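# Results of the structural survey
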Amino acid sequence: MCVSARSETATPPAAVSDTSASGSIKRYYDNAGLGRQDGDAIDQLNAFMTKQAHKVWSPDNEDYKVYEMVRQGHVVFKRRSMPLLYFYWATILVGLLRTPSLLFLAGALASTYVYMELYSAVLHIVLDNPAFIKVPGLDQPVFEFLAHHILPVEIAQRRYRDICGDLNVIVGLIFAINLLLFDWMKDGRVMCVVAAGGAMAYLGQFAHRQAHMPPSKVSPFARALQDAGLLVSPHLHRAHHRTYDRGFAILGGWSEGLITTLYHHVVPSQYVWLALFAVMTVFGLAGVVKIYIPAYDAFVAFAQ
Ligand SMILES: [Zn+2]
Ligand SMILES: [Zn+2]
C-alpha cells in the first residue's frame, strides 16, 4: 500500500482522537502540547514543530522525513497571500452570480460537490504519501499533509482563511488551466461551473477543519451538515488519523466505501494514484463542465 499504518505511540498524541469526548477544550489542546489559541496560531504551531523535530528526530522515527525537513529549516505552516485568496473568492462570487438561473446554479453546485468529494480523496491519497515528499511541486504539500498527521490540532487552531490560503497554488493552477482550456470567464455558464468548483474546494477546507473542532466549537449549522452526511463526520475522519489508510475524502466522506475499496483492492500502485491526481487536476473541472452543461440543457428541453 502507498502509506503504511503507524503505531499508536510513534507520534505525539493526536488531538483529533479526543474530539469524540465531550471533555473540555483545554484537554483537547493540552494533548497536542499546545496552549489554547484565540488568534493567529501560526508562529506557535511552527515553534512546536521545531521543538518536536529536535526532540524526537531519529532515522527510526516514522515521521523522520518531516522532522528532517523541519530541521533543515523548512517551514510547515506558511502565511499565504490573503489578497490573492480574496481575489479568488471575488472571482468565485462573480462566477456564481453569472448563472443564468437558480436551477443552473443548484445543479452546478451539486455536480462540483460530487466531483470535489472524489478529487479531495485522490489528492489526499497522493499528498499523504511520504514517497512523494521529494517530488518537485509536491514537496511542500506532502510536507504539510504529513505534518497535519503529526499535529492534527493545527487545522482547528489556524484561522479558516489561513486554511483556505493553503489552496492558493492549486486553485490558481486549476483556474489558469481552465482559462487556457476554454477561456472560462467569457461564457457565464462555464464560469459559474468553474466558480462552483472553487467554492467546493473551500467547502472541503471547512469540512476538514470542522471535523477537527472540539465538539463545543462546531456550529449548529456545520453539525447539521455533518449529521446529514454532507460534510465529513469527525468519526470517519478520526478513523483516517488512526491508520492513514481510509477516510481520505475530506468533503462529504460519503465516497468512503468506493475510495477505500479502490485504494486497497483495485489500484495498488501509488503512481496510478499520482497519474489520476494529475489528470483530474488538469481536466477534472473541464470534464464536469463538458458533462454538466449538456445534461442541464437536455433536462430543460425534456421538462418543457
Ligand atoms: Zn491524511
Ligand atoms: Zn485531518
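Please read all numbers here as calculations on a predicted model, not as lab measurements.

This part covers the UniProt feature "transmembrane region" (unreviewed entry) in the protein chain. UniProt's entry tags residues 86-110, 163-182, 248-266 and 272-293 with the feature "transmembrane region" (unreviewed entry), counted in the numbering of this structure. Across residues 86-110, the secondary structure splits into 84% helix and 0% strand, with the terminal C-alpha atoms separated by 23 Å. Regarding residues 248-266, the helix share stands at 58% and the strand share at 0%, and the terminal C-alpha atoms are separated by 16 Å.

This part takes up the packing of helix H5 (residues 102-127) against helix H6 (residues 139-150). The interhelical angle for the contact between H5 and H6, taken along N-to-C directions, is 90°, at an axis separation of 9 Å. Our classification of the angle between H5 and H6 gives roughly perpendicular. Of H6, the residues touching H5 (which contributes Leu-123, His-124, Val-126 and Leu-127) are Pro-141, Val-142, Phe-145 and His-149.

Turning our eyes to something else, we now look at the side chain of Gln-226. Within the element layout of this structure, Gln-226 appears in helix H11 (residues 220-227). Once residues within four sequence positions are removed from consideration, Gln-226 is found in contact with Gln-210, Ala-211, Val-218, Leu-231, Val-232 and Pro-234.

On to the coordination of the zinc ion (ligand 1), then. All of the protein donors around the zinc ion (ligand 1) are His-124 (NE2), Asp-128 (OD), Asp-128 (OD), His-149 (NE2) and His-240 (NE2); their distances to the metal are 2.1 to 2.7 Å. The sequence pattern describing where the donors of the zinc ion (ligand 1) fall on their chain is H-x3-D-x20-H-x90-H. In this model, the zinc ion (ligand 1) sits 5.9 Å from the zinc ion (ligand 2).

A separate point is the coordination of the zinc ion (ligand 2). Coordination sphere of the zinc ion (ligand 2), protein contribution only: His-148 (NE2), His-208 (NE2), His-212 (NE2), His-237 (NE2) and His-241 (NE2), at 2.0 to 2.2 Å. Linear spacing of the donor residues for the zinc ion (ligand 2) on their chain is H-x59-H-x3-H-x24-H-x3-H.

Following the sequence through the fold, Leu-285 ends up in helix H14 (residues 270-303). Classification of Leu-285 as buried rests on a relative accessible area of 6%. Measuring from C-alpha to C-alpha, the distance between Leu-285 and Asn-178 comes to 7.8 Å, with 107 residues separating the pair along the chain.

Next up on the list: the packing of helix H2 (residues 42-56) against helix H3 (residues 64-71). Packing of H2 against H3 leaves a shortest axis separation of 9 Å and a crossing angle of 115°. The angle between the axes of H2 and H3 places the two elements in the roughly perpendicular class. Like other packed secondary-structure pairs, H2 and H3 cross with a definite hand, here left-handed. Counting all contacts with H2, which are made through Met-49, Thr-50, Gln-52, Ala-53, His-54 and Val-56, the residues of H3 involved are Val-66, Tyr-67, Val-70 and Arg-71.

So, on to helix H4 (residues 82-97). The terminal C-alpha atoms of H4, which comprises 16 residues, lie 22 Å apart, in line with the 22 Å expected from a rise of 1.5 Å per residue. Residues of H4 that are buried: Met-82, Leu-85, Tyr-88, Thr-91, Ile-92, Gly-95 and Leu-96. Where H4 is buried, its residues contact H5, helix H8 (160-165), helix H9 (168-182) and helix H10 (188-212). Measuring from the backbone nitrogen of Leu-84 back to the side-chain oxygen at the start of H4 gives 3.1 Å, which picks out Ser-81 as the cap.

Another aspect to go through is the nonpolar core. Proteins that are soluble and globular tend to have nonpolar side chains buried together. In terms of nonpolar packing, the biggest core is built from 72 residues, with Met-49, Val-66, Tyr-119, Val-193, Tyr-202 and Phe-277 touching the most fellow members. Residues in contact with Val-193, not counting those within four places in the same chain, are Phe-104, Ala-108, Thr-112, Val-288, Val-289, Tyr-292 and Ile-293. Residues Ala-207, Ala-211, Leu-225 and Leu-236 belong to the second largest nonpolar core, which totals 6 residues.

Our next topic: the layout of surface pockets. Empty space among the atoms becomes visible once a probe the size of a water molecule is rolled across them. The computed volume of the largest pocket comes to approximately 890 Å³. Taken together, 43 residues line the largest pocket, and the ones lying closest to its centre are Leu-123, Leu-127, Asp-166, Leu-167 and Ile-170. Elements with a contribution of two residues or more to the lining of the largest pocket: H5, H6, helix H7 (154-157), H9, H10 and H14. Of all the elements, H10 adds the most residues to the lining of the largest pocket, at 7 residues. Of the residues belonging to the lining of the largest pocket, the class tally is 28 nonpolar, 10 polar and 5 charged.

Here the focus is the packing of aromatic side chains. Counted under the stated rule, the structure contains 14 aromatic pairs. Ring geometry for Tyr-115 and Tyr-119: centres 5.7 Å apart, planes at 10°, overall stacked. With Tyr-115 and Tyr-119 both in helix H5 and 4 residues apart, the pair spans about one turn of that helix. Here Phe-132 and Tyr-271 contribute two aromatic rings whose centre-to-centre distance is 6.0 Å and whose plane-to-plane angle is 65°, an arrangement assigned as edge-to-face. Highlighted residues: Phe-132 in the loop between H5 and H6 and Tyr-271 in helix H14, separated in sequence by 139 residues. You can call Phe-132 buried: its relative accessible area is 2%. The exposure class of Tyr-271 is exposed, given its relative accessible area of 53%. Every member of this aromatic cluster is reached through a ring pair, and the members are Tyr-86, Trp-89 and Tyr-202.

Rules of the game
Residues numbered from 1 in each chain as written. Chains lettered and ligands numbered in written order. Predicted model: local features only at pLDDT ≥ 70, side-chain atom pairs only at ≥ 80, totals over all residues. Heavy atoms only, no water. UniProt positions renumbered as here; feature names shortened; annotations may be inferred. Helix = DSSP H or I, 4+ residues; strand = E, 2+ residues; numbered from the N terminus. Axes fitted to C-alpha atoms, helices over the stretch in contact; angles between N-to-C directions. Parallel < 35°, antiparallel > 145°, perpendicular 65-115°, else oblique. Contact = heavy atoms within 4.5 Å. Donors = N, O, S within 2.8 Å, 3.2 Å for Na, K, Ca; no water. Buried < 20%, exposed > 50% of the residue type's maximum accessible area, 1.4 Å probe, protein only. Left-handed = near helix turned anticlockwise from the far one by under 90°. Expected span 1.5 Å × (residues − 1). Polar contact = N/O pair within 3.5 Å; in protein donor to acceptor, adjacent residues only side chain to side chain. Core = buried A, V, L, I, M, F, W, Y, C linked by side-chain atoms within 4.5 Å. 1 Å grid on protein atoms, 1.4 Å probe; cavity = no way out; pocket = protein on both sides within 12 Å on 5 of 7 lines; lining within 4 Å. Points joined across faces, edges and corners; volume = space filled by probe spheres on them. Nonpolar A, V, L, I, M, F, W, Y, C, P; charged D, E, K, R; others polar. Phe/Tyr/Trp six-rings, centres within 6.5 Å; stacked < 30°, edge-to-face > 60°.

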